[in-house]
Amino acid sequence: YSRALEDKGGTDDALASDGYLWDRGRLAGHVVIQAKKEVKARQDQVRARLRAWLSAWFRRKRARDELLQGTWQAMTGEYAKAVKTLSKALKRDPHLGEAYLHRGIAYLEMDRVEEALQDLDRAVKLLPQEPMAYYNRALAWMAGQDWGRAEADLEQAVDLAPEDAEAWNLLAIVRSQAGKVEEALEAIEQAIALGHPEGWRNRAIILEEAGRLDEALAAWETYARQGKREAVYARARRGLLLWQMGREAEAQEEVAWAWKRRRRWLDPFTWERLRKVRREMQRKARTRWGGWRVRK
């Protein structure tokens, strides 16, 4: 500017008459306009990011609300509604591992095992530290009698939640089905130590299936001391087992005691077995005493 001023006679008027100052002012105005445009562009970017963030936040919030609703529907037995609601949640947020977990549980309750496995696989990948995902996938493997994979998932579940008595109980059942008697007994001991209500019952069944009948009788005796319902079931099973072992007098006593209470406490399968054994007892008694019938 100083050099231009000297060239034009040393006055601002000389420069102005040549249009220099006008051009310089126009340039300054252009710079201001460009600066304003850049500020506006940055503001628009911020607003767009904010809108996108708010949209994602509301979408995630809606997905969480649908997750809670779907979980409650599954817990109350409305499995078809739960699947529909949880599917909406996953459409909004496909990384919602809990939704895969609870939809998988709903599918499992509806006997749609393949779909349950697909969802539970995703739940395990998204929630690798969630024992419920492994536990419920084990139930799906059990539905297909895949004892090896069920055992692996249950071992992972008890590693993550060693205080879960039900997982230990199920692990014992799976190992028993796979013929691993000693490992099954180790697992059921853990379930018993953690206070599982069916621990002694399942211990007795495992021992029965393994042919360790005297130990099974002792386990049934322990189970019988846990309550009235347990006593009826345990004495019925003891009667059946004693009859199998040829200890007929003891078997008759147990069967007679359990028979009187069959309508209240015995499940249909056990009652049917009890009825067959009782008929055998009656036939033997008639043969032994020349036609004498056991009184009902």
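Just so we're clear, the structure is a prediction, and the values are computed from it rather than from any experiment.

A.B. asks: Is there a simple way to explain the overall build of the protein in this structure?
C.D. replies: Within the protein, the secondary structure is distributed over 16 helices and 0 strands. Look at the contacts in the protein between residues 6 or more apart in sequence, and 42% of them connect residues 24 or more apart. Of the roughly 18,300 Å² of accessible surface on the protein, 51% is carried by carbon and sulfur atoms.

A.B. asks: Honestly, the nonpolar core in this entry has me stumped. Any pointers?
C.D. replies: Where a protein is soluble and globular, its nonpolar side chains tend to be buried together. Counting residues in hydrophobic clusters, the biggest one holds 70 residues, and the most contacted among them are Leu96, Leu154, Trp220 and Leu274. Broken down by element, the residue count for this core peaks at 8 residues, all from helix α13 (residues 228–244). Once residues lying within four places of it in the same chain are set aside, the contact partners of Leu96 are Ala63, Arg64, Leu67, Ala89, Leu90 and Leu126.

A.B. asks: Can you help me understand the environment of Ala172 in this one?
C.D. replies: Its place among the elements puts Ala172 in helix α9 (residues 165–177). For Ala172, a relative accessible area of 0% translates into the label buried. Beyond its immediate sequence surroundings of up to four residues, Ala172 is in contact with Ala184, Ala187, Ile188 and Ile206.

A.B. asks: Even after reading the chapter, I still don't get the environment of Met132, so can you show me in this structure?
C.D. replies: Along the polypeptide, Met132 turns up in helix α7 (residues 131–143). Here the alpha-carbon distance between Met132 and Leu154, two residues 22 residues apart in the chain, equals 9.7 Å. In this structure, Met132 is in contact with Leu101 and Ile105, ignoring residues within four places of it in sequence.

A.B. asks: I would appreciate a short explanation of helix α8 (residues 147–160) in the present structure.
C.D. replies: Given 3.6 residues per helical turn, the α-helix brings residues three or four places apart onto the same face. End to end, α8 covers 20 Å across 14 residues, agreeing with the expected 20 Å (1.5 Å per residue, within 8%). Those residues of α8 that fall on the buried side of the exposure criterion are Ala150, Glu151, Asp153, Leu154, Ala157 and Val158. Looking straight down α8, one finds that the buried residues subtend no more than 170° of arc, so they occupy a single side. Buried residues in α8 make contact with α7 and α9.

A.B. asks: Honestly, the packing of aromatic side chains in this entry has me stumped. Any pointers?
C.D. replies: Pairs of aromatic rings are described using the distance from one ring centre to the other and the angle between the two planes. Applying the stated criterion to the full structure yields 3 aromatic pairs. Seen in terms of ring centroids, Trp220 and Tyr223 are 6.1 Å apart; in terms of plane orientation they differ by 65°. Their pairing is edge-to-face. Here Trp220 pairs with Tyr223, and both are found in helix α12 (residues 213–224), just 3 residues apart, close to one helical turn. Centroid distance Trp259 to Trp271: 6.1 Å. Interplanar angle 20°. Geometry classified as stacked. Linking Trp259 in helix α14 (residues 248–259) with Trp271 in helix α16 (residues 268–288), this pair joins segments that are 12 residues apart in sequence. Judged by its relative accessible area of 15%, Trp259 is buried. An aromatic cluster is defined as three or more aromatic residues linked by ring pairs; in this entry it consists of Trp220, Tyr223 and Tyr233.

A.B. asks: Looking at this model, I keep getting lost on the confidence of the model for the protein. Mind explaining?
C.D. replies: Segments scoring low in pLDDT should not have their predicted coordinates read at a detailed level. Residues with a pLDDT of 70 or more make up 81% of the protein, whose mean pLDDT is 85. Taken together, the stretch residues 4–8 has pLDDT below 50 and engages in 8 contacts with residues farther than four places along the chain or on a different chain. Long-range and interchain partners of residues 291–296, a stretch whose pLDDT sits below 50, account for 8 contacts in this model, where long-range means more than four residues apart.

A.B. asks: Looking at this model, I keep getting lost on the packing of α9 against helix α11 (residues 199–209). Mind explaining?
C.D. replies: Two packed helices can be described by the angle between their axes and the distance between those axes. It is the contact of α9 with α11, at a shortest axis distance of 11 Å, that shows an interaxial angle of 10°. The orientation of α9 relative to α11 falls into the category roughly parallel. Here Asn169, Ala172, Ile173 and Ser176 of α9 come into contact with α11, specifically with Asn202, Ile206 and Glu209. Here the residues of the contact of α9 with α11 are counted per class, giving 3 nonpolar, 3 polar and 1 charged.

A.B. asks: For this particular structure, what's the right way to read the pattern of salt bridges?
C.D. replies: Enumeration according to the criterion identifies 24 salt bridges in this entry. Salt-bridge contacts for Glu198 lead to Arg201; the nearest nitrogen and oxygen are separated by 3.7 Å. Classification of Arg201 as partly exposed rests on a relative accessible area of 23%. A salt bridge links Glu272 to Arg275; the nearest nitrogen and oxygen atoms lie 2.8 Å apart. With Glu272 and Arg275 both in helix α16, this residue pair falls 3 residues apart, about one helical turn.

A.B. asks: Help me understand the side chain of Glu254 in this model?
C.D. replies: Inspection of the secondary structure puts Glu254 in helix α14. Residue Glu254 is classed as buried on the basis of its relative accessible area of 10%. Residues within four places of Glu254 in sequence aside, it is in contact with Arg235, Arg238, Gly239 and Leu242.

A.B. asks: Would you take a moment to explain the environment of Leu185 for this structure?
C.D. replies: Inspection of the secondary structure assignment puts Leu185 in helix α10 (residues 181–193). For the pair Leu185 and Asn169, spaced 16 residues apart in sequence, the C-alpha separation works out to 9.8 Å.

What counts as what
- Residues numbered from 1 in each chain as written.
- Predicted model: local features only at pLDDT ≥ 70, side-chain atom pairs only at ≥ 80, totals over all residues.
- Heavy atoms only, no water.
- Helix = DSSP H or I, 4+ residues; strand = E, 2+ residues; numbered from the N terminus.
- Contact = heavy atoms within 4.5 Å.
- Areas by Shrake-Rupley, 256 points an atom, 1.4 Å probe, with all protein chains shown as cover.
- Core = buried A, V, L, I, M, F, W, Y, C linked by side-chain atoms within 4.5 Å.
- Buried < 20%, exposed > 50% of the residue type's maximum accessible area, 1.4 Å probe, protein only.
- Expected span 1.5 Å × (residues − 1).
- Arc of directions from axis to C-beta.
- Phe/Tyr/Trp six-rings, centres within 6.5 Å; stacked < 30°, edge-to-face > 60°.
- pLDDT = per-residue confidence, 0-100.
- Axes fitted to C-alpha atoms, helices over the stretch in contact; angles between N-to-C directions.
- Parallel < 35°, antiparallel > 145°, perpendicular 65-115°, else oblique.
- Nonpolar A, V, L, I, M, F, W, Y, C, P; charged D, E, K, R; others polar.
- Salt bridge = Lys/Arg side-chain N within 4 Å of Asp/Glu carboxyl O.

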